[in-house]
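Observations on the three-dimensional arrangement
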Amino acid sequence: MTLKEYIRPIRDFIFEKVEKILIHLMGACQFRLSQTSTTFILIERKGRHGKESMAEINFVRSLRNYHQKFHAKNNLRVFYYNNAFWLKDSIIFIFMVIFGNIDRVIYTQRMSHHKFPSQNISRLMKNKKINQIYFWMDSNHSTLWDKMIIPNSNYCDYAILFDNPNKRFIPDNFKSKTFFAFTPYEIDNSIIDLNEKQGVFFSGMVNLESVYGKRRFEYLTFLIANNLKIIGWPKIDEQDYNSYIKKLSTSLISINFSWYHCDDTLNGRSSETLLCKTLLLQSKNRSLKKFLKDGKHYVSFQTKKDLLDKINYFLNNRDEAIEIAQNGFNRYSDIVNNTNFWNFVYSL
């Protein structure tokens with residue numbers, strides 16, 4: 001055991017006691033900083049590559065647009081916490097929870113049970129009847145599930161049903177607290193010109209230390225070995241969200257892999273591809289089949305050769321690719337309505 005591994009549980013135990021003391025002392029005070037109700041969004045300050053993920057950026061944009069239209073009289077605050085300095089952020093947020101007028105807190109990413117927000121903070125919010133709404137944009141693990149989500153949260157998103165390491169589905173006693181939906185996205189469709197669409201796009205992490213990363217690498221290198229040029233790979237530029245969307249929206253085809261702990265993750269790139277009216281070539285995914293029809297709204301693939309053959313087919317049959325992409329856009333727009341989605345969340 002390394003020194004860091006030895007110190008961490010001691011540090012966590014000490015700070016858990018410090019948190020409880022702070023909550024008790026602050027709770028004895030009876031004043032409020034504001035009488036206006038506030039919704040908080042909690043986002044980790046550093047996303048992949050030291051930046052927010054694209055899914056997080058679009059998620060916040062979607063909620064802000066809705067909030068300005070329908071709840072402008074109430075406050076909306078984004079709290080960017082830092083997992084490297086979670087002790088400091090815990091103290092700040094305890095202060096906000098106790099002295100602020102918070103009506104709901106929305107989590108937008110996976111969190112480790114011993115970091116921010118701690119179990120103490122989550123229980124504090126539950127005792128203060130603050131709605132805690134979880135949106136999972138990535139994988140979770142059983143410890144987090146058992147210690148954080150089930151005891152304290154109200155709702156979570158669809159992907160959590162399938163994407164967990166042990167493929168353990170939601171317990172029966174928790175299903176009533178869950179709603180299933182794509183996360184809503186808003187993209188400026190004026191930048192999309194169907195006549196300019198060309199090429200094959202991929203954007204995503206290819207981590208060779210993971211099983212799913214190696215599989216992605218094998219597929220992508222197979223395509224390149226067969227003289228296929230992929231926009232965005234092998235060099236993935238550090239890009240802002242608008243640049244990413246522009247590349248995606250001007251491509252005819254976008255490849256998306258859903259492999260992680262199982263083959264059923266719904267991720268943000270599926271939504272973004274559909275909204276950009278780009279043909280979604282998606283690794284076979286039973287979650288996606290619940291919403292979209294394979295061959296009509298998107299096209300699935302199962303092997304490297306299957307993917308290559310379908311790419312070549314659609315590059316040579318451009319009109320058919322655009323027709324399926326348009327069908328996917330129409331279907332996604334029908335089932336994911338930004339206003340209706342957030343109306344439901346705000347009614348909780």
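Up top you'll find the structure we're talking about.
What you see is a predicted model, and the numbers here were worked out from it, not measured in a lab.

Once that is clear, we can look at the sheet that holds strand E8 (residues 279–283). Strands sit in the order E6-E5-E7-E8-E9 across an open sheet of five strands; the sheet is parallel. Of all the strands in the sheet, just strand E6 (230–231) and strand E9 (299–301) have a single pairing partner and so form its edges. Against the sheet, helix H8 (residues 268–275) engages strand E7 (253–256) and E8, with an angle of about 155 degrees to E8.

Quick look at the environment of Ile 322 now. Relative to the elements of secondary structure, Ile 322 occurs in helix H10 (residues 318–335). On the basis of relative accessible area, Ile 322 is assigned to the buried category, the value being 17%. Taking the C-alpha atoms as reference, Ile 322 lies 7.5 Å from Lys 277; in sequence the two are 45 residues apart. In this structure, Ile 322 is in contact with Leu 194 and Leu 252, ignoring residues within four places of it in sequence.

Once that is clear, we can look at the pairing of E8. Counting buried residues along E8, five of its five residues qualify, which places the element largely inside the surrounding structure. By the alternation rule, side chains of E8 split into Leu 279, Leu 281 and Ser 283 and Leu 280 and Gln 282, which are all buried. For E7 and E8, the ladder comprises four bridges, and the chain directions are parallel. Within E8, the position partnered with Ser 254 by the bridge is Leu 280. Of the strand pairs in this sheet, E8 and E9 are connected by three bridges, and their pairing is parallel. Directly across from Leu 281, in E9, lies its bridge partner Val 299.

The subject of this paragraph is the packing of helix H1 (residues 3–27) against helix H4 (residues 119–127). Across the interface, H1 lies against H4 with an axial gap of 9 Å and an inter-helix angle of 30 degrees. What the angle tells us is that H1 and H4 run roughly parallel. Taking contact as the criterion, the partners of Glu 16, Glu 19, Lys 20 and Ile 23 in H1 are, on H4, Asn 120, Ile 121, Arg 123 and Leu 124. Within the contact of H1 with H4, the residues separate by chemical class into three nonpolar, one polar and four charged.

This paragraph deals with the side chain of Thr 38. Following the sequence through the fold, Thr 38 ends up in strand E1 (residues 38–44). Within the structure, the side chain of Thr 38 is placed 3.5 Å from the side chain of Asn 75, a separation counted as a polar contact. Once residues within four sequence positions are removed from consideration, Thr 38 is found in contact with Asn 75, Arg 77, Asn 101, Ile 102, Asp 103 and Arg 104.

With that settled, consider the side chain of His 71. Here His 71 is to be found in the loop between helix H2 (54–70) and strand E2 (75–81). Polar side-chain contacts of His 71 include one of 3.3 Å to the side chain of Tyr 66. Residues within four places of His 71 in sequence aside, it is in contact with Tyr 66 and Tyr 346.

On to the environment of Arg 269, then. Mapped onto the secondary structure, Arg 269 falls in helix H8. With 14 residues separating them along the chain, Arg 269 and Ile 255 place their C-alpha atoms 9.3 Å apart. Contacts of Arg 269, omitting those with residues within four sequence positions, involve Ser 203, Gly 204, Tyr 244 and Asn 256. A distance of 3.4 Å separates the side chain of Arg 269 from the side chain of Tyr 244, its partner in a polar contact.

Each value, and the rule that gives it
- Residues numbered from 1 in each chain as written.
- Predicted model: local features only at pLDDT ≥ 70, side-chain atom pairs only at ≥ 80, totals over all residues.
- Heavy atoms only, no water.
- Pairing = 2+ DSSP bridges.
- Helix = DSSP H or I, 4+ residues; strand = E, 2+ residues; numbered from the N terminus.
- Contact = heavy atoms within 4.5 Å.
- Axes fitted to C-alpha atoms, helices over the stretch in contact; angles between N-to-C directions.
- Buried < 20%, exposed > 50% of the residue type's maximum accessible area, 1.4 Å probe, protein only.
- Parallel < 35°, antiparallel > 145°, perpendicular 65-115°, else oblique.
- Nonpolar A, V, L, I, M, F, W, Y, C, P; charged D, E, K, R; others polar.
- Polar contact = N/O pair within 3.5 Å; in protein donor to acceptor, adjacent residues only side chain to side chain.

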